[in-house]
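Inside the fold
Given next are the chains, with one letter for each unit.
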Amino acid sequence: MRNKTALLLLACTLAFVQSCEKDTPYRITEDSVGPLLKSSPVSELETLFANDSVVKDTANLSIGNSSKKIEVFEKGGKHLLTLTPSTDSIPTIENVRVLDKRYKTDKGIGLQSTFKDIQKQYAIKKIVTTISSIVVFPKESNLYFTIDKEELPSNLRFSSSNIEAVQIPDEAKIKYLMLGWE
């Protein structure tokens, strides 16, 4: 009887660990995006994304800007992430732009989420208005979400004034999900 109980416990543990591992490649936390950690050096990207293609921008097209984008694609060609490295002596990733809908935060927010979903999971610190979008910054988080102004009521789409959370429709979709590790 003891052996059966131990075997059952081991099987349950293995099933739990295996189910957690399935979520890991697309999980976003404050310190990680899939296999990428906040502390991961740029030199390890090829190893971290061994099953994917890592494309480094070798041409610096922006005059006076030393940041070069690094893009991560699935082997089939789907764009997963765009990474911006730091300019430190041992560069790490400073900013991550999530482009694949499979990535979700540890609170379940992803590119298919809405403003209402963000509000349910995060307290809003501030909302910044740009020419074509608004950027939502949650409190106590390195995440930020961009919502296209096309998602807003027509009277706010061309406004440059500050937009408040109550003015954003619940069903407004996230255009970009980003994580800043500055």
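For clarity, every value in this text was computed on a predicted model and none was experimentally measured.

**Section: the overall build of the protein chain**
Across its full length, the protein chain carries four helices and 12 strands. Across the 182 residues that make up the protein chain, the buried fraction comes to 37%. Sequence-distant contacts, at least 24 apart, represent 45% of the contacts inside the protein chain between residues at least 6 apart. When the accessible area of the protein chain is evaluated, it comes to approximately 11300 Å², of which 53% is carbon and sulfur surface.

**Brief notes about the sheet that holds strand 3 (residues 36-37)**
Pairing is mixed in the open sheet, where four strands are placed in the order 3-2-1-8. Here the strands that pair on one side only, and so sit at the sheet edges, are strand 3 and strand 8 (104-105). Two elements, strand 1 (residues 27-29) and strand 8, share two bridges in a ladder whose sense is parallel. Bridging from a neighbouring strand, Arg27 pairs with Lys104 of strand 8.

**Some thoughts on the confidence of the model for the protein chain**
Averaged over all residues, the pLDDT of the protein chain equals 85, while 82% of them reach at least 70. Confidence over residues 6-22 falls short of pLDDT 50; this stretch has zero contacts with residues more than four positions distant or in other chains. With pLDDT under 50 throughout, residues 61-65 is counted as low confidence; its partners more than four residues away or in other chains account for one contact.

**Comments concerning the packing of aromatic side chains**
For the coordinates displayed, the defined rule picks out three aromatic pairs. Note on Tyr122 and Phe145: the rings are 6.0 Å apart at their centroids and 50° apart in plane angle, and the pair reads as tilted. Of this pair, Tyr122 sits in the loop between helix 3 (115-121) and strand 9 (124-129) while Phe145 sits in strand 11 (residues 143-148); the two residues are 23 residues apart in sequence, bridging distant segments of the chain. Ring centres of Phe137 and Tyr144 lie 5.4 Å apart, and the angle between their planes is 25°; on these two criteria the pair is classed as stacked. The exposure class assigned to Tyr144 is buried, which follows from its relative accessible area of 17%. If you follow Lys126 out to its NZ or CZ, it ends over the ring of Phe137, 5.4 Å from the centre.

Cut-offs and rules
Residues numbered from 1 in each chain as written. Predicted model: local features only at pLDDT ≥ 70, side-chain atom pairs only at ≥ 80, totals over all residues. Heavy atoms only, no water. Helix = DSSP H or I, 4+ residues; strand = E, 2+ residues; numbered from the N terminus. Buried < 20%, exposed > 50% of the residue type's maximum accessible area, 1.4 Å probe, protein only. Contact = heavy atoms within 4.5 Å. Areas by Shrake-Rupley, 256 points an atom, 1.4 Å probe, with all protein chains shown as cover. Pairing = 2+ DSSP bridges. pLDDT = per-residue confidence, 0-100. Phe/Tyr/Trp six-rings, centres within 6.5 Å; stacked < 30°, edge-to-face > 60°. Lys NZ or Arg CZ within 6 Å of the ring centre and 35° of its normal.

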